[in-house]
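# Understanding the architecture of this molecule
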Amino acid sequence: MEVYNNEVYDLLARDEQGNAVGQRRDVVTTSSGASQVPNLTYEPVCNASEIMQILSGVLKLRAQCPTLIHADSSRSHLVVSLTISTKSPDALALAHSLQRAKKDMKNSTCKQWWSPRCRRANPPSRHSADELTVSPASSPCSSPALSPCPSPRNSISVTPFRTKLQLVDLAGSECVGMIGLSGAALWEMSCINRSLSALSDVLGALAEQRPHVPYRNSKLTHLLQDTIGGDSKLLVMLCVSPMHRFITESLQSLAFGTRARQVQKERLQRKTNTHKVI
């Protein structure tokens, strides 16, 4: 997606002929407080190379315009949403351990196959201590299949693991006197600066733990509501210029990063995925 002039556009949408077109989308808030874009186009991927292949085509559709500073200046914020669905790795390790345990039980004596509860429910006849330890006849069941307490089987139910990673390339803050633009490009710059200001206000509200966080002041912050807030983890990487002529922009970027660093979230108690062994 890209946020261009305070509007969200689906860069993966295609027309009837299969040509890529930027389709305008809306942002809504679900009952759980997460932001969602209805009818957003998703592409299934299996590895990083497929992701980079899709991105290479998407970047050609992103709004760009040459300025006095950048030959290919981005005029929009690019948002890449990657949803990962898999099974917990703990479940896979547990399944392997169950397979090993089952193999060990096959090679063990009959005493190890059956649960002690079987003997408590049906106490065996009196035998010597050696017979109870060695002889298979010490069990009331003639075979494991007839035991009232069945042995553990390699059956496991696992809740699928689902998470979302959003990569956001923000358009840079610009000064009118340096970029040398006018007309429609000047309006684009105004929308970029206002959305960045709205993002800074959201980070400031989270850092100060205000009761109200102004997510809906911009389509950018509304889109990134569940990415910035909640129990999500936020990483901000700044790109500043070492040249002295851009010292004002560099200081503004560093102030933005400082505000993002001040955001401290309380650790929420999550329900861990339980593995049911039958």
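The protein is annotated in an unreviewed UniProt entry as Kinesin motor domain-containing protein from Characodon lateralis. Under the UniProt heading Subcellular location (unreviewed entry), the entry covering the protein gives this text: "Cytoplasm, Cytoskeleton".

## Thoughts on the overall build of the protein
Along its length, the protein carries ten helices and eleven strands. Sorting the 278 residues of the protein into buried and exposed places 29% on the buried side. As presented, the protein carries roughly 18,800 Å² of accessible surface, and 54% of it is formed by carbon and sulfur atoms.

## With respect to the packing of helix 7 (residues 184-207) against helix 10 (residues 247-261)
Following both chains from N to C, one finds helix 7 and helix 10 inclined at 35°, their axes separated by 8 Å at the closest point. As helix 7 runs across helix 10, the sense of the crossing is left-handed. Residue-level inspection shows Leu196, Leu199, Ser200, Asp201, Leu203, Gly204 and Ala207 of helix 7 in contact with helix 10, the latter providing Phe256, Arg259 and Ala260. In terms of residue class, the contact of helix 7 with helix 10 is made up of six nonpolar, two polar and two charged.

## Observations concerning the environment of Asn193
For Asn193, the position within the fold is in helix 7. A residue is classified by how much of its surface remains accessible, and Asn193, at 22% relative accessible area, is partly exposed.

## Overview of the sheet that holds strand 2 (residues 7-10)
The five strands lie next to each other as 3-2-1-8-10, forming an open sheet whose pairing is antiparallel. Unpaired on one side and paired on the other, strand 3 (23-25) and strand 10 (161-169) mark the two borders of the sheet. Each neighbouring strand pair of the sheet contributes to a mean axis angle of 30°, computed without reference to strand direction. One ladder, built from two bridges, connects strand 1 (residues 2-4) with strand 8 (residues 77-86); its direction is antiparallel. From the neighbouring strand, Glu2 faces strand 8, where its bridge partner is Leu78.

## As for unusual backbone geometry
Positioned with a positive phi, Asn5 is a non-glycine residue whose angle comes to about 55°. Turning to its location among the elements, Asn5 is positioned in the loop between strand 1 and strand 2. With a relative accessible area of 23%, Asn5 lands in the partly exposed category. Despite not being glycine, Gln209 has its phi angle at roughly 55°, a positive value.

## Some thoughts on the side chain of Ser76
Within the secondary structure, Ser76 sits in the loop between strand 7 (73-74) and strand 8. Judged by relative accessible area, Ser76 falls into the buried class, the value being 0%. Here the side chain of Ser76 touches Glu2 through a polar contact of 2.6 Å, side chain to side chain.

## Structural notes on the packing of aromatic side chains
To describe a pair of aromatic rings, you give the distance between the ring centres and the angle between the ring planes. The full count for this structure, using the stated rule, is one aromatic pair. Both rings, one in Tyr4 and one in Tyr9, keep their centres 6.4 Å apart while their planes meet at 55°; by these two values the pair is tilted.

## Description of the side chain of Glu249
The residue Glu249 is located in helix 10 in this model. Buried Glu249, no salt bridge; nearest opposite-charge side chain is Arg245, N-O distance 7.9 Å.

## Some remarks on helix 7
Taking 1.5 Å per residue, 24 residues should reach 34 Å; helix 7 reaches 35 Å between its end C-alpha atoms and fits that length. Just beyond helix 7, the residue with positive phi is Gln209, at close to 55°.

## Quick look at the pattern of salt bridges
For the structure shown, the criterion picks out seven salt bridges. With its nearest N and O atoms 2.9 Å apart, the salt bridge here joins Asp226 to Lys164. Here Asp226, found in helix 9 (residues 225-228), pairs with Lys164, found in strand 10; they are 62 residues apart in sequence, far enough to count as distant. Overall, the relative accessible area of 24% leaves Asp226 in the partly exposed class.

## With respect to the nonpolar core
Residues Met1, Leu206, Leu223 and Ile228 are the most contacted members of the largest nonpolar core, which totals 21 residues. Judged by nonpolar contacts, the second largest core, of five residues, contains Leu55, Val58, Leu78 and Val80.

## Topic: a nonpolar patch on the surface
Together, Leu234, Val236, Leu238, Val240, Ile247, Leu251 and Leu254 make up a nonpolar patch on the protein surface, roughly 560 Å² of accessible area in all. Position of Leu234 among the secondary structure elements: in the loop between helix 9 and helix 10.

Rules behind the numbers
Residues numbered from 1 in each chain as written. Predicted model: local features only at pLDDT ≥ 70, side-chain atom pairs only at ≥ 80, totals over all residues. Heavy atoms only, no water. UniProt positions renumbered as here; feature names shortened; annotations may be inferred. Helix = DSSP H or I, 4+ residues; strand = E, 2+ residues; numbered from the N terminus. Buried < 20%, exposed > 50% of the residue type's maximum accessible area, 1.4 Å probe, protein only. Areas by Shrake-Rupley, 256 points an atom, 1.4 Å probe, with all protein chains shown as cover. Axes fitted to C-alpha atoms, helices over the stretch in contact; angles between N-to-C directions. Left-handed = near helix turned anticlockwise from the far one by under 90°. Contact = heavy atoms within 4.5 Å. Nonpolar A, V, L, I, M, F, W, Y, C, P; charged D, E, K, R; others polar. Pairing = 2+ DSSP bridges. Polar contact = N/O pair within 3.5 Å; in protein donor to acceptor, adjacent residues only side chain to side chain. Phe/Tyr/Trp six-rings, centres within 6.5 Å; stacked < 30°, edge-to-face > 60°. Lys, Arg positive; Asp, Glu negative; His and termini not counted. Salt bridge = Lys/Arg side-chain N within 4 Å of Asp/Glu carboxyl O. Expected span 1.5 Å × (residues − 1). Core = buried A, V, L, I, M, F, W, Y, C linked by side-chain atoms within 4.5 Å. Patch = residues over 30% accessible without salt bridge, like charges linked within 9 Å, V, L, I, M, F, W, Y side chains within 5 Å.

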